[in-house]
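Each chain, written out:
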Amino acid sequence: MLKEERQQKILQILDDEHKVIASDLSKRLSVSEDTIRRDLKELDTQGHINRVHSGALRKGPPVVDFSTRQNISNEIKGNLARKALDFIKEGMVLLIDGGTTNLQLVNQLPLTFSAKVITNSPPIAMALINHQNIDVIMIGGTLFKQSLVNLGIDTVEALRTMRADLYIMGIYKIDPQLGISVPSLEEALVKRKMSEISNSILGMVTSDKLATISYQIICPTSDLTYLITENVNEDIKRLYNKQGIHVID
């Protein structure tokens, strides 16, 4: 098998199985582990994969701004949001950070719904203007324009005095072994504090984010209480279930 054919096969396996292990690929493709490692290094350099210890993960969706993400996978995000409504109860203190799927969820809340919402996302706060029975606490900070969320030390300090029943976390990338991650250290610090002050955590994840990794780890995946996703591989689903996460797909 030529190198180009082998690397295409690796990408196909990665797309189907979400994760590859160098030793396993060596056996499946009948080449040495050194050859596989060179292939993975080259594919990583080309931007096709993310190399990790012993193997590789899918690259996952690119970093794009909020307005662009609002036009991507809207039907799927809407379906995930509808499933999440089952876990939101009247009278809850909800902590909701940024994300287009989170915005879809807020837009689906009945106008008569009663709750308290803490958020660092201006679009989330604005979407709740007509919900007369929802008290909105807007957390300040420095506006991160790409994701339209407030970040920084002021944001973290404000969260120290708060407590939430349910944190609805906007998830950028997630892997059952490596955890939940984002590109920005400031965003990771805010999300980490949000996780610490919440009784439960819910994440809505489109399938292209599963088994992907970014630069800053927020928390272990096992910190999630509920994972709402779509078309998840049964083997991957079992990995999350073993960590005590309730997976809904």
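For the structure, see preceding data.
Residues numbered from 1 in each chain as written. Predicted model: local features only at pLDDT ≥ 70, side-chain atom pairs only at ≥ 80, totals over all residues. Heavy atoms only, no water.

A. Representation of the overall build of the protein. The secondary structure content of the protein amounts to 10 helices and 15 strands. A compact globule built from 249 residues would reach a C-alpha radius of gyration of about 18 Å, and the protein, at 19 Å, matches this within 12%. Structurally, the protein occupies a C-alpha span of about 65 × 35 × 30 Å along its principal axes. Looking at the 249 residues of the protein, the share that counts as buried comes to 49%. For the protein, the share of sequence-separated contacts (at least 6 apart) that also reach a separation of at least 24 residues comes to 62%. Approximately 11,900 Å² of the protein is accessible, and the part contributed by carbon and sulfur atoms is 49%. Here the protein contributes 29 positively and 30 negatively charged side chains, and the mean placements of these two sets differ by 2 Å. (Helix = DSSP H or I, 4+ residues; strand = E, 2+ residues; numbered from the N terminus. Rg over C-alpha atoms; globule rule 2.2 N^0.38 Å. Buried < 20%, exposed > 50% of the residue type's maximum accessible area, 1.4 Å probe, protein only. Contact = heavy atoms within 4.5 Å. Areas by Shrake-Rupley, 256 points an atom, 1.4 Å probe, with all protein chains shown as cover. Lys, Arg positive; Asp, Glu negative; His and termini not counted. Charge placed at Lys NZ, Arg CZ, Asp CG, Glu CD.)

B. View of the packing of aromatic side chains. Inspection of every chain in the model, using the stated rule, returns 1 aromatic pair. Consider the rings of Phe87 and Tyr226, whose centres lie 4.4 Å apart with planes at 35°: the pair is tilted. Of this pair, Phe87 sits in the loop between helix 5 (74-84) and strand 4 (93-96) while Tyr226 sits in strand 14 (residues 226-228); the two residues are 139 residues apart in sequence, bridging distant segments of the chain. With a relative accessible area of 17%, Phe87 lands in the buried category. (Phe/Tyr/Trp six-rings, centres within 6.5 Å; stacked < 30°, edge-to-face > 60°.)

C. A look at the sheet that holds strand 11 (residues 179-182). The strand order across the open sheet formed by 3 strands is 10-11-13, and the pairing between neighbours is antiparallel. This sheet does not close on itself; its edge strands, each paired only once, are strand 10 (173-175) and strand 13 (216-219). Mean inter-strand twist for the sheet, computed between neighbouring axes without regard to direction, equals 35°. Two strands pair when backbone bridges link them, and strand 10 and strand 11 are joined in this way by 3 bridges, in the antiparallel orientation. In the strand pairing of strand 11, Asp175 is matched with Gly179. (Pairing = 2+ DSSP bridges. Axes fitted to C-alpha atoms, helices over the stretch in contact; angles between N-to-C directions.)

D. Examining the pairing of strand 5 (residues 115-119) more closely. The buried fraction of strand 5 amounts to 4 of the 5 residues, a majority that puts the element mostly inside the structure. Pairing of strand 4 with strand 5, which is carried by 4 bridges, proceeds in the parallel orientation. When the bridges of strand 5 are listed, Ile96 appears paired with Thr119. Crossover strand 4 to strand 5 through helix 6 (residues 100-108) is right-handed. For strand 5 and strand 6 (residues 134-138), the ladder comprises 5 bridges, and the chain directions are parallel. If you follow Ile118 over to strand 6, its bridge partner there is Ile137. Where the polypeptide runs from strand 5 across helix 7 (residues 122-127) and back to strand 6, its parallel neighbour, the crossover connection is right-handed. (Right-handed = clockwise from strand over helix to strand, strands pointing away.)

E. Fine view of the nonpolar core. In terms of nonpolar packing, the biggest core is built from 32 residues, with Leu95, Met169, Ile174, Ile180, Leu224 and Tyr240 touching the most fellow members. Elements represented by at least two residues in this core include exactly strand 4, strand 8 (149-151), helix 8 (153-159), strand 9 (164-170), strand 11, helix 9 (185-196), strand 13 and helix 10 (234-242). Beyond its immediate sequence surroundings of up to four residues, Ile174 is in contact with Gly179, Ile180, Val205, Lys209, Leu210, Ala211, Thr212, Thr221, Leu224, Leu227 and Tyr240. Listed in part, the 25 residues of the second largest apolar core include Phe66, Leu80, Leu103 and Val117. (Core = buried A, V, L, I, M, F, W, Y, C linked by side-chain atoms within 4.5 Å.)

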